[in-house]
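# Descriptive analysis of the structure
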Amino acid sequence: MLTLASEIEVLARFGRALADPIRCRLLLALRESPSHPSDLAEELGISRTRLSNHLACLRDCGLVVAVPVGRRTRYELADPRLGHALEDLRTAVLAVDADRNCPDADEEGCC
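Read on for a plain summary of the structure. (Residues numbered from 1 in each chain as written. Predicted model: local features only at pLDDT ≥ 70, side-chain atom pairs only at ≥ 80, totals over all residues. Heavy atoms only, no water.)

## Focus: the pairing of strand E2 (residues 72–77)
- Bridge count for strand E1 (residues 64–69) against E2 is 6 bridges, and the pairing is antiparallel. Across the sheet, Val64 pairs through a bridge with Leu77, a residue of E2.
- A loop of 2 residues connects E1 with E2, the two strands running antiparallel in sequence, and Gly70 in this loop sits at a positive phi of about 65 degrees. (Pairing = 2+ DSSP bridges. Helix = DSSP H or I, 4+ residues; strand = E, 2+ residues; numbered from the N terminus.)

## Details of the environment of Glu43
- By secondary structure assignment, the location of Glu43 is in helix H3 (residues 37–44).
- Looking at Glu43, the relative accessible area reads 52%, which means it is exposed.
- Separated by 18 residues in sequence, Glu43 and Arg25 have C-alpha atoms that sit 9.7 Å apart.
- Not counting residues within four places of it along the chain, the set of residues in contact with Glu43 comprises Arg25 and Ala29. (Buried < 20%, exposed > 50% of the residue type's maximum accessible area, 1.4 Å probe, protein only. Contact = heavy atoms within 4.5 Å.)

## A look at the state of the cysteines
- Applying the stated criterion across every chain yields a total of 0 disulfides.
- We note that Cys57 lacks a disulfide partner, and the nearest cysteine sulfur, in Cys61, lies 4.3 Å from it.
- Looking at Cys57, the relative accessible area reads 23%, which means it is partly exposed. (Disulfide = S-S within 2.5 Å.)

## Quick notes on the packing of H3 against helix H4 (residues 48–60)
- Put simply, H3 and H4 touch, their axes get as near as 9 Å, and they point 110 degrees apart. By the criterion of interaxial angle, the relationship of H3 to H4 is roughly perpendicular. For the pair formed by H3 and H4, the contact residues are Pro37, Ser38, Leu40, Ala41 and Leu44 on the first element and Arg48, Leu51 and Leu55 on the second.
- Of the residues contributing to the contact of H3 with H4, the split by class is 6 nonpolar, 1 polar and 1 charged. (Axes fitted to C-alpha atoms, helices over the stretch in contact; angles between N-to-C directions. Parallel < 35°, antiparallel > 145°, perpendicular 65-115°, else oblique. Nonpolar A, V, L, I, M, F, W, Y, C, P; charged D, E, K, R; others polar.)

Take a look at the structure:
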């Protein structure tokens, strides 16, 4: 059973993973389907080296796993529930963003 402190750490790790736009795009791509690094790099338009660094971060956070497939490695979300959570979070954030009432949000970067 997770303690409150460990639950907070898990959520903070998830937040750190989502703090980078490339990692967000990577998680959303893997939500659609598992994929090989070369395909992900091409889809995201980034170098394999840069992709490798982001995949390592996501693996360290426990959000993705590497699955050996013959001589290649395929990446996928560590748990199917992450795909549902990402979709719920994405739609909730978009709904909140559409309802922003803060007049200083764009200038202040606060909301």
